[in-house]
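# Architecture and fold: a report
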Amino acid sequence: MVGIEKRLSEAIAYAVSKGVAVVAASGNTALPLCLDPAFTRDVICVVGTDRQELKGWYSHFGLKPDLKIVSAPGGAGLINCDDNVWSSVPRGTGTGTCGQGDYDAVAGTSMASPHVAGVAALLAAQGRSVPDIYNAILRTARTPFVPGPPRGVYTPVYGYGIVDAAAAVAASVSAPEPGSYAPLVGRVPMTTVA
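Below or above, wherever it landed, is the structure these notes cover. (Residues numbered from 1 in each chain as written. Predicted model: local features only at pLDDT ≥ 70, side-chain atom pairs only at ≥ 80, totals over all residues. Heavy atoms only, no water.)

What follows is about unusual backbone geometry. The omega angle of the peptide bond from Asp 36 to Pro 37 is 10°, so this bond is cis rather than trans. Relative to the helices and strands, Pro 37 resides in the loop between β1 (22-25) and β2 (43-49). Although it is not a glycine, Asp 42 sits at a positive phi angle of roughly 70°. Its location among the elements puts Asp 42 in the loop between β1 and β2. Positive phi, normally seen in glycine, also occurs at Glu 53, with a value near 70°. For Glu 53, the location among the structural elements is in the loop between β2 and β3 (69-73). Take Glu 53: its relative accessible area is 23%, and that puts it in the partly exposed class. (Helix = DSSP H or I, 4+ residues; strand = E, 2+ residues; numbered from the N terminus. Buried < 20%, exposed > 50% of the residue type's maximum accessible area, 1.4 Å probe, protein only.)

In this section: the packing of helix α2 (residues 109-125) against helix α3 (residues 130-140). A pair of packed helices can be characterised by two numbers: the angle between their axes and the separation between those axes. Close contact between α2 and α3 brings their axes to 10 Å; oriented N to C, the two are set at 130°. Classed by the angle they form, the pair α2 and α3 counts as oblique. Between α2 and α3 the crossing geometry is right-handed. Between α2, through Val 116, Val 119, Ala 120, Leu 123 and Ala 124, and α3, the contact on the second element is made entirely by Ile 133, Ala 136 and Ile 137. The residue makeup of the contact of α2 with α3, split by class, is 8 nonpolar, no polar and no charged. (Axes fitted to C-alpha atoms, helices over the stretch in contact; angles between N-to-C directions. Parallel < 35°, antiparallel > 145°, perpendicular 65-115°, else oblique. Left-handed = near helix turned anticlockwise from the far one by under 90°. Contact = heavy atoms within 4.5 Å. Nonpolar A, V, L, I, M, F, W, Y, C, P; charged D, E, K, R; others polar.)

See below:
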């Protein structure tokens, strides 16, 4: 399902109306669209990247109508454990290959989305509104493999780029018009598709 589950959309709209920034994993079957809940309007969809900043082979692409999409480290999903994200797991359930009892190396967009949710929490702690949280995350995301200052530039592979916590919390608070986000490049507002 992509954005058509009414109860899910209503729950997300309610959360956003109460000041909650909603962040969700794009999905792990390499499809071209973010899946629900990430596809739903007013949710930041998170694409997974590996340690070389390439889109993870498993990750969905960053496509959805409102273009609220960024990337974050989600691991490679390959054989080398250290190319994945180390995570705590229920006591004693770490796998024999990578596990260390209470930890394991895993990959996926569910490993990537907490990076973005953490940045959203830092911005909320600064007293920012949900639109400003989204704006700061999207316009300060770093475009991989592009030297220089390009930030907040949308691509269908990475969304607006790889989330950058330091840049997001340092960004000035600017209140864009609802439904628009102002990328730093050229400071030209980009209106999202409704």
